Amino acid sequence: QVQLVESGGGLVQAGGSLRLSCAASGRTFSGYTMGWFRQAPGKEREFVASIRWSGDNPYYADSVKGRFTISRDNAKNTVYLQMNSLKPEDTAVYYCASRPSSSTYYPYWGQGTQVTVSS
């Protein structure tokens, strides 16, 4: 099965930037979609951004549109989330996930990385 490992989380001041990485190993197919989710304390996990492993079809939640950018490096089997203009409400555990592009269910998840934005 696919294994996903996030990195790059940490503490950043409001207005600052941070880049998260998601390294994928195991079975990785061109028909898969990679996604980023986040979960703040006391809140449900929410979708942040996604991109297909092949093709060019990035998609963003309204809350991060214009501030976050999802990208991939197929040669490194890595997906990135560039986060700019960070706000305290962006504070959450960020998770990388993967699913077949033909489905809406994400069966593969990373362990999460903490992002804390101070005011």
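Notes on the structure in this doc start here.

Thresholds, definitions, all that
- Position numbers for residues start from 1 in each chain and track the written sequence from start to end.
- Side-chain atom pairs in this predicted model are given and counted only at pLDDT of 80 or more, local residue features only at pLDDT of at least 70, and totals for whole chains, interfaces and linings cover all residues.
- Hydrogens and water molecules were not included; the side-chain quantities draw on all heavy atoms of the structure.
- Counted as salt bridges are all cases of a side-chain nitrogen of Lys or Arg within 4 Å of a carboxyl oxygen of Asp or Glu.
- Here a helix means four or more residues in a row that DSSP labels H or I, a strand means two or more in a row labelled E, and each is numbered from the N terminus.
- Only protein chains enter the accessibility calculation, which uses a 1.4 Å probe; a residue whose area is less than 20% of its type maximum is buried, one above 50% is exposed, and one in between is partly exposed.
- Contacts are assigned to residue pairs with any non-hydrogen atoms lying within 4.5 Å of each other.
- N or O atoms closer than or at 3.5 Å make up a polar contact, with two conditions inside protein: a donor-capable atom paired with an acceptor-capable one, and, for residues adjacent in sequence, both atoms drawn from side chains.
- Here, the term disulfide refers to a pair of cysteine sulfur atoms separated by no more than 2.5 Å.
- The criterion for strand pairing is that DSSP finds at least two bridges linking the strands in question.
- To define axes, lines are fitted to C-alpha atoms, for helices over the stretch in contact only, and angles between the resulting N-to-C directions are given on a 0 to 180 degree scale.

For the rest of this paragraph, the subject is the pattern of salt bridges. Under the definition given, this model contains four salt bridges. Residues Asp90 and Arg38 are paired through a salt bridge, measuring 2.9 Å at the closest nitrogen-oxygen approach. Of this pair, Asp90 sits in the loop between β8 (78–83) and β9 (92–100) while Arg38 sits in strand β4 (residues 32–39); the two residues are 52 residues apart in sequence, bridging distant segments of the chain. The partner of Arg67 in a salt bridge is Asp90, with the nearest N and O atoms 2.8 Å apart. Within this pair, whereas Arg67 is found in the loop between β6 (59–60) and β7 (68–73), its partner Asp90 is found in the loop between β8 and β9, the two being separated by 23 residues in sequence. Judged by relative accessible area, which is 11%, Arg67 ranks as buried. Judged by relative accessible area, which is 1%, Asp90 ranks as buried. Connected through shared salt-bridge partners, Arg38, Glu46, Arg67 and Asp90 make up one network.

Along the chain, Glu46 turns up in strand β5 (residues 46–52). Taking the C-alpha atoms as reference points, Glu46 and Tyr94, separated by 48 residues in sequence, lie 9.6 Å from one another. Excluding residues within four positions of it along the chain, Glu46 makes contact with Phe37 and Arg38. A distance of 2.7 Å separates polar atoms of two side chains, one belonging to Glu46 and the other to Arg38.

So, on to the state of the cysteines. According to the stated counting rule, one finds one disulfide in the structure shown. A sulfur-sulfur separation of 2.0 Å characterises the disulfide bridge that pairs Cys22 with Cys96. Between Cys22 and Cys96, the S-S torsion sits near -75°, and that sign places the bridge as left-handed. With Cys22 in strand β3 (residues 18–25) and Cys96 in strand β9, the pair connects residues that are 74 residues apart, well separated along the chain.

Turning to the sheet that holds β3, a few remarks are in order. Strand order in this open sheet of four strands is β1-β3-β8-β7, and the pairing throughout is antiparallel. A single partner strand is all that each edge strand has here, and the edge strands are β1 (3–7) and β7. Across the sheet, the mean angle from the axis of one strand to that of its neighbour is 20°, orientation sign disregarded. One ladder, built from six bridges, connects β7 with β8; its direction is antiparallel. Residue pairing for β8: Arg72 is matched across the bridge by Val79.

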